[in-house]
Amino acid sequence: VDGIQVASATGTYFNDSSNNLTIGGSDASGGTYDVNGYMDEIRISNVVRYTADFTPSTTAFTSDSNTKLLIHSNTTMGSTTFTDSSGSPHTITANGDVMNVVPKIGTGMAVFDGNNDYLNFNDSSTMPEFMIPGNGENADGGTITYETWISFNHLPTSDSNAHTIFASTYDN
């Protein structure tokens, strides 16, 4: 949080590439764990970006050969268009009332109202590049970094009202 490591984990994860990656909520949660707040500069990379505490950037993230997804949200106020600026762009679908509003930097950022709002990707053939590494089905065994600038309208007080920032649900 704010460039300081507060937790880490290792383990085995089951990855189901037939399910879409979602950002800001989950298509399976029914709004229970959806973000109520703002997100900007959303990046997923297939490399460890940080190995120690760091000073968070105050400028837009850049794309490089390890960037698998990059959303700047630089569009017009109220737009529901979210563009992937990585080297291999993905189609992003806005669900619920998620839209672009006045930004932290640039020309826009995503706002989520916590009620069935999320972004998702409709191409499950690319899901393995977004998966958490591990030994389960479709796991790539590599490394991955999920990062975003986020500001919550309210912070969770328990697991029962935690926020889903990135998710790939498993429905079996």
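Residues numbered from 1 in each chain as written. Predicted model: local features only at pLDDT ≥ 70, side-chain atom pairs only at ≥ 80, totals over all residues. Heavy atoms only, no water.

## Remarks on the packing of aromatic side chains
Heads up, the rule is: Stacked, edge-to-face and tilted are the three classes for Phe, Tyr and Trp ring pairs, Trp counted by its six-membered ring, which pair at centre distances within 6.5 Å; planes under 30 degrees apart are stacked, over 60 edge-to-face, the rest tilted. Three exposure classes are used, based on accessible area relative to the maximum for each residue type with a 1.4 Å probe and protein chains only: buried under 20%, partly exposed in between, and exposed over 50%.
One pass over the full model with this rule turns up 2 aromatic pairs. Note on Tyr50 and Phe54: the rings are 3.9 Å apart at their centroids and 10° apart in plane angle, and the pair reads as stacked. Overall, Tyr50 belongs to the partly exposed group, its relative accessible area being 31%. You can call Phe54 partly exposed: its relative accessible area is 32%. The interplanar angle of 55° and the centroid separation of 5.6 Å between the aromatic rings of Phe61 and Trp149 together place this pair among those described as tilted.

## Side note on the environment of Val6
For the record, the criterion: Numbered from the N terminus, helices here are DSSP runs of H or I no shorter than four residues, and strands are runs of E no shorter than two.
In this fold, Val6 is placed in the segment before strand 1 (21-23). Between the C-alpha atom of Val6 and that of Asp53, which follows or precedes it by 47 residues, the distance is 9.7 Å.

## Here we look at the environment of Val98
By the element assignment, Val98 lies in the loop between strand 4 (92-95) and strand 5 (99-101). Note: C-alpha distance between Val98 and Gly114 (16 residues apart in sequence) is 9.2 Å.

## Observations regarding the side chain of Ser79
Operational definition: Residue contacts follow a heavy-atom distance rule, with two residues in contact if any of their heavy atoms lie within 4.5 Å.
The residue Ser79 is located in the loop between strand 3 (67-71) and strand 4 in this model. Discounting residues that sit within four places of it in the chain, Ser79 has contacts with Met99 and Asn100.

## So, the pattern of salt bridges
Operational definition: Salt bridge, as used here, is a side-chain nitrogen of Lys or Arg placed within 4 Å of a carboxyl oxygen of Asp or Glu.
Applying the stated rule across the entire model yields 2 salt bridges. Among the ionic pairs, Arg43 bridges to Glu147, the shortest N-O distance being 2.7 Å. Taken as a pair, Arg43 in strand 2 (residues 36-45) and Glu147 in strand 8 (residues 145-152) lie far apart in primary sequence, 104 residues in all. With respect to class, Arg43 is no different from Glu147; both count as buried. Between Asp64 and Arg49 there is a salt bridge, and its shortest N-O distance comes to 2.9 Å. In this pair, Asp64 sits in the loop between strand 2 and strand 3 while Arg49 sits in the loop between strand 2 and strand 3, placing the two residues 15 residues apart along the sequence.

## Regarding the environment of Ser73
Within the secondary structure layout, Ser73 lies in the loop between strand 3 and strand 4. With 28 residues separating them in the primary sequence, Ser73 and Val101 have C-alpha atoms 8.8 Å apart.

## A look at the nonpolar core
Here is the rule: In this text, buried Ala, Val, Leu, Ile, Met, Phe, Trp, Tyr and Cys residues form a nonpolar core when linked through side-chain atoms within 4.5 Å.
Counting residues in hydrophobic clusters, the biggest one holds 16 residues, and the most contacted among them are Ile23, Leu69, Ile71, Phe82, Ile92, Phe112 and Leu119. At the level of elements, strand 1, strand 2, strand 3, strand 6 (109-113) and strand 7 (118-121) are the ones that each hand at least two residues to this core. For this core, the element with the most residues is strand 2, which contributes 3 residues.

## Some remarks on the pairing of strand 2
Short version of the rule: Strand pairing is assigned whenever DSSP identifies at least 2 bridges connecting the two strands.
Most of strand 2 is tucked away, with 9 of its 10 residues classed as buried. As paired strands, strand 2 and strand 6 are joined by 4 bridges and run antiparallel to one another. What sits directly across from Gly37, in strand 6, is Phe112. Strand direction decides the pairing type here: strand 2 and strand 8, joined by 7 bridges, are antiparallel. Counted as the bridge partner of Ser45 is Thr145 from strand 8. Two strands pair when backbone bridges link them, and strand 2 and strand 3 are joined in this way by 4 bridges, in the antiparallel orientation.

Remember that the coordinates give geometry; whether it matters functionally is a separate question.
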